[in-house]
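Chains, contacts and geometry: an overview
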Amino acid sequence: MNEQMFASQLRRALDESAERLPLRVTQRLESARLAALERAHAPAVRRRMVLGFFSAGGWMNDRPSVGFRLLSTLLPLVLVAVALYGIVAWDDASKIIETAEIDAALFLEDDAIPISAYADKGFGVYIRNVRQ
Amino acid sequence: MASRQELSDFLVSVERRAFKQAVYAVRDDDAALDIVQDAMFKLAEKYADKPTAELPLLFQRILQNVIHDHFRRQKVRNLWTVLMSSLQSDDDDEDRDPMEALGAAEDSRVHESAVQRVERDQILRLIDSEIQKLPARQREAFVMRYWHDMDVAETAIAMGCSEGSVKTHCSRATHALAAALKAKGVSP
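Small disclaimer: the values here were computed from a predicted structure and weren't measured. (Residues numbered from 1 in each chain as written. Chains lettered and ligands numbered in written order. Predicted model: local features only at pLDDT ≥ 70, side-chain atom pairs only at ≥ 80, totals over all residues. Heavy atoms only, no water.)

Looking at the overall build of chain B
Secondary structure summary: chain B contains 8 helices and 0 strands in total. The linear arrangement of helices and strands in chain B, starting from the amino end, is α-α-α-α-α-α-α-α. Within chain B, buried positions represent 41% of all 188 residues. Put simply, of all contacts in chain B between residues at least 6 apart along the chain, 67% involve residues at least 24 apart. Total accessible area on chain B stands at roughly 10,700 Å², and carbon and sulfur atoms take up 52% of it. (Helix = DSSP H or I, 4+ residues; strand = E, 2+ residues; numbered from the N terminus. Buried < 20%, exposed > 50% of the residue type's maximum accessible area, 1.4 Å probe, protein only. Contact = heavy atoms within 4.5 Å. Areas by Shrake-Rupley, 256 points an atom, 1.4 Å probe, with all protein chains shown as cover.)

Encoded structure:
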């Protein structure tokens, strides 16, 4: 028996099998078909205008549209970038304030270093070495 | 453009085969019904304005996509089920009544009067079971090519592969089925 003949015999068997589906299944298929036909002639354009951005056409059981998927991918990335920038800016600002406070404290101490000391080259080297 | 009647006729002509095709893939009647319904909705919503001649190929592609989506969702669901079940105890089993399962089996049993019909049912079930056992790609190619009467080019488009692959899949599926049914002494 060649491939085509065997396939056609199987096809007949499969058709027969499909004809013997339980009533529960055929009824459910019929109701699904009727519901689908209703959807085919529903005002889909209006639905798409409302949900167009969030679904690829249809109600909520559809896959999300490209716009929605793009937004859901990009929005968290943008939020993370903004948050990182904020943290860096806040860290820089706090470092500047901290340094300014130390400098101010140095100048305001009772036994503060006289202004003339800053003109001394050796004192400048000493300060740099201490900071390192 | 397909009229309502043409679309309806088309869906009538494919719904049973589509259901069987989905059952072969997912091995669950309820899931298969959901899949066919989804495919019908998508076809009706998005492609109802297409010519009738294009509907079979479009429907097959939609059906294949919905089946693949089902497996993707099932994969995610299984992951969570495994995670959650590892946190639960096995006490639930004690609440189950074994008679419920027996009752359900009784209900679903078809009482046929004719012996021949019972025998034929058994043969058809065997054929179904052998088709289910085929590798997914071989089964898809075989069903589309020989049951849905699609040509090699259409099957290749629906499966997203080359025509050569379709021929190979079909040939392997046919030989595998012939060998399996012969081994069981079944003739379709």
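Next comes the rest of the description.
Notes on the nonpolar core
In this structure, B:Leu7, B:Leu11, B:Phe19, B:Leu43 and B:Phe59 are the most contacted members of the largest nonpolar core, which totals 35 residues. Listed by contribution, the elements that provide at least two residues to this core are α2 (23-40) of chain A together with α1 (4-26), α2 (29-47) and α3 (55-85) of chain B. The residues contacting B:Leu11, other than those within four sequence positions of it, are A:Arg33, A:Ala36, A:Leu37, B:Met40, B:Leu43 and B:Phe59. B:Ile127, B:Ile131, B:Leu177 and B:Val186 belong to the second-largest nonpolar core, a separate cluster that totals 29 residues. (Core = buried A, V, L, I, M, F, W, Y, C linked by side-chain atoms within 4.5 Å.)

Overview of the confidence of the model for chain A
All names here are of chain A. Counting all residues, the mean pLDDT for chain A is 79, and 76% of those residues have values of 70 or more. Per-residue pLDDT, averaged within each element of chain A, yields its smallest value for helix α3 (residues 44-51) (50) and its largest for α2 (91). Low pLDDT, under 50, characterises residues 56-61; the stretch is placed with 19 contacts to residues that sit more than four places away or in other chains. (pLDDT = per-residue confidence, 0-100.)

Notes on helix α8 (residues 163-183) of chain B
Residue and element names in this part refer to chain B. Its 21 residues give α8 an end-to-end C-alpha distance of 30 Å, which sits within 8% of 30 Å, the value for a rise of 1.5 Å per residue. Buried residues of α8: Val 166, His 169, Cys 170, Ala 173, Thr 174, Leu 177, Ala 180 and Leu 181, and no others. The arc that holds every buried residue of α8, seen down its axis, measures 140°, which confines them to one face. Opposite the buried face of α8, by more than 90 degrees, sit the exposed residues Lys 167, Arg 172, His 175, Lys 182 and Ala 183. (Expected span 1.5 Å × (residues − 1). Arc of directions from axis to C-beta.)

Structural notes on the interface of chain A and chain B
Each partner contributes to the interface: chain A provides 38 residues, whereas chain B provides 45 residues. Of all residues in chain A, A:Leu14, A:Arg20 and A:Arg28 give up the largest surface area on contact with chain B, accounting jointly for 16% of the area buried on that side. Run the count over chain A and chain B and you get 8 salt bridges. Residues A:Arg24 and B:Asp30 are paired through a salt bridge, measuring 3.1 Å at the closest nitrogen-oxygen approach. Linking chain A with chain B are 15 residue pairs in polar contact (both at pLDDT 80 or more), by the criterion used here. Those elements that provide at least two residues to the side of chain A that touches chain B are α1 (3-19), α2 and α3 of chain A. With 14 residues, α1(A) is the largest single contributor of residues to the side of chain A that touches chain B. (Buried area = accessible area lost by both parts, 1.4 Å probe. Salt bridge = Lys/Arg side-chain N within 4 Å of Asp/Glu carboxyl O. Polar contact = N/O pair within 3.5 Å; in protein donor to acceptor, adjacent residues only side chain to side chain.)

Considering the confidence of the model for chain B
The predicted coordinates ought not to be read in detail in places where the model reports low pLDDT. Residue and element names in this part refer to chain B. Averaged over every residue, the pLDDT of chain B is 82; the share at 70 or more is 83%. Averaged pLDDT values over the elements of chain B bottom out at 51 in helix α4 (residues 98-108) and peak at 91 in α2. Interface confidence for the predicted complex, expressed as ipTM, amounts to 0.72; the pTM equals 0.59.

Remarks on the packing of α2(A) against α2(B)
Two numbers describe how α2(A) lies on α2(B): the axes approach to 8 Å, and their chain directions differ by 20°. By the angle class used here, α2(A) and α2(B) are roughly parallel. Classified by chirality, the crossing of α2(B) by α2(A) is right-handed. Facing A:Arg24, A:Val25, A:Arg28, A:Leu29, A:Ala32, A:Arg33, A:Ala35, A:Ala36, A:Arg39 and A:Ala40 of α2(A), the residues of α2(B) in contact are B:Asp29, B:Asp30, B:Leu33, B:Asp34, B:Val36, B:Gln37, B:Met40, B:Phe41, B:Ala44 and B:Glu45. (Axes fitted to C-alpha atoms, helices over the stretch in contact; angles between N-to-C directions. Parallel < 35°, antiparallel > 145°, perpendicular 65-115°, else oblique. Left-handed = near helix turned anticlockwise from the far one by under 90°.)

Concerning a nonpolar patch on the surface
Residues and elements named next belong to chain A. A surface patch of nonpolar side chains, about 470 Å² in accessible area, is lined by Leu 70, Leu 74, Leu 77, Val 78 and Val 82. Mapped onto the elements of the fold, Leu 70 is located in helix α4 (residues 66-108). Taking relative accessible area as the criterion, Leu 70 reaches 51% and is therefore assigned exposed. (Patch = residues over 30% accessible without salt bridge, like charges linked within 9 Å, V, L, I, M, F, W, Y side chains within 5 Å.)

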